[in-house]
Amino acid sequence: MLASPVFLLSSALATFWAATFHIVFGRRFLDLVFYWFIGLIGFGVGQAMADILGLHWAMVGQVHVVEGTLASWIAMFVARWLKL
């Protein structure tokens, strides 16, 4: 399961977005780790919601790129706003 293309691409995208978010808003190394964790969770939630709602906008294989990206960024902004 951890070597499936869906998991690898989703993890890579979530990691990229977390790194980008950290470059713009992060201060410490722990912020990067935190945003990475939140980004992964957000991307997974976006994937699940897109599957449940039947959205198929911009997919790469079975990965919902747009929905996962939006959910990842929203999750990181909410975490930053709540100062978790």
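Above this text is the structure in question.
Our subject in this report is the structure included herewith. (Residues numbered from 1 in each chain as written. Predicted model: local features only at pLDDT ≥ 70, side-chain atom pairs only at ≥ 80, totals over all residues. Heavy atoms only, no water.)

### Overview of the side chain of His-64
Looking at the element boundaries, His-64 is found in strand β2 (residues 63–64). Look past the residues within four positions of His-64 in its chain and what remains in contact with it is Phe-43, Gln-47, Ala-50, Asp-51, Leu-55, His-56, Ala-58 and Met-59. (Helix = DSSP H or I, 4+ residues; strand = E, 2+ residues; numbered from the N terminus. Contact = heavy atoms within 4.5 Å.)

### A closer look at helix α2 (residues 29–53)
An α-helix turns once per 3.6 residues; consequently, residues spaced three or four apart project the same way. When the terminal C-alpha atoms of α2 are compared, their 36 Å separation across 25 residues agrees well with the 36 Å that a helix rising 1.5 Å per residue should span. Asp-31, Tyr-35, Ile-38, Gly-39, Gly-42, Phe-43, Gly-46, Gln-47 and Ala-50 are the residues of α2 that are buried. If you follow the buried residues of α2, they end up packed against α1 (5–25), β2 and α3 (65–82). (Expected span 1.5 Å × (residues − 1). Buried < 20%, exposed > 50% of the residue type's maximum accessible area, 1.4 Å probe, protein only.)

### What about the packing of aromatic side chains?
Considering all chains together, one arrives at nine aromatic pairs under this definition. For the pair Phe-21 and Phe-25, a centre-to-centre distance of 4.7 Å together with 45 degrees between the ring planes defines the contact as tilted. Separated by four residues within a single helix, Phe-21 and Phe-25 lie in helix α1, roughly one turn from each other. Relative to Phe-77, the ring of Phe-21 has its centre 5.0 Å away and its plane inclined at 85 degrees; by these criteria the two rings are edge-to-face. Of this pair, Phe-21 sits in helix α1 while Phe-77 sits in helix α3, and the two are 56 residues apart along the sequence. Site record: aromatic cluster; members linked through ring pairs are Phe-16, Trp-17, Phe-21, Phe-25, Phe-34, Tyr-35, Trp-73 and Phe-77. (Phe/Tyr/Trp six-rings, centres within 6.5 Å; stacked < 30°, edge-to-face > 60°.)

### Overview of the packing of α2 against α3
The packing of two helices is summarised by the inter-axis angle and the distance between the axes. Direction vectors running N to C along α2 and α3 enclose 135 degrees, while the axes themselves pass 7 Å from each other. The pairing of α2 with α3 is recorded here as oblique in orientation. For the pair α2 and α3, the sense of crossing is right-handed. Contacts from Phe-34, Tyr-35, Ile-38, Gly-39, Gly-42, Phe-43, Gly-46, Gln-47 and Ala-50 in α2 reach Val-65, Glu-67, Gly-68, Thr-69, Ala-71, Ser-72, Ala-75, Met-76, Ala-79 and Arg-80 in α3. Its residues assigned to classes, the contact of α2 with α3 comprises ten nonpolar, seven polar and two charged. (Axes fitted to C-alpha atoms, helices over the stretch in contact; angles between N-to-C directions. Parallel < 35°, antiparallel > 145°, perpendicular 65-115°, else oblique. Left-handed = near helix turned anticlockwise from the far one by under 90°. Nonpolar A, V, L, I, M, F, W, Y, C, P; charged D, E, K, R; others polar.)

### So, the packing of α1 against α2
For the pair α1 and α2, the least separation of the axes is 8 Å and the interaxial angle reads 135 degrees. Considering the angle they form, α1 stands oblique to α2. The interaxial crossing formed by α1 with α2 has right-handed handedness. Facing α1, whose interface residues are Val-6, Ser-10, Ser-11, Leu-13, Ala-14, Thr-15, Ala-18, Ala-19, Phe-21 and His-22, α2 presents Asp-31, Leu-32, Tyr-35, Trp-36, Gly-39, Leu-40, Phe-43 and Gln-47. For the contact of α1 with α2, the class distribution of residues is eleven nonpolar, six polar and one charged.

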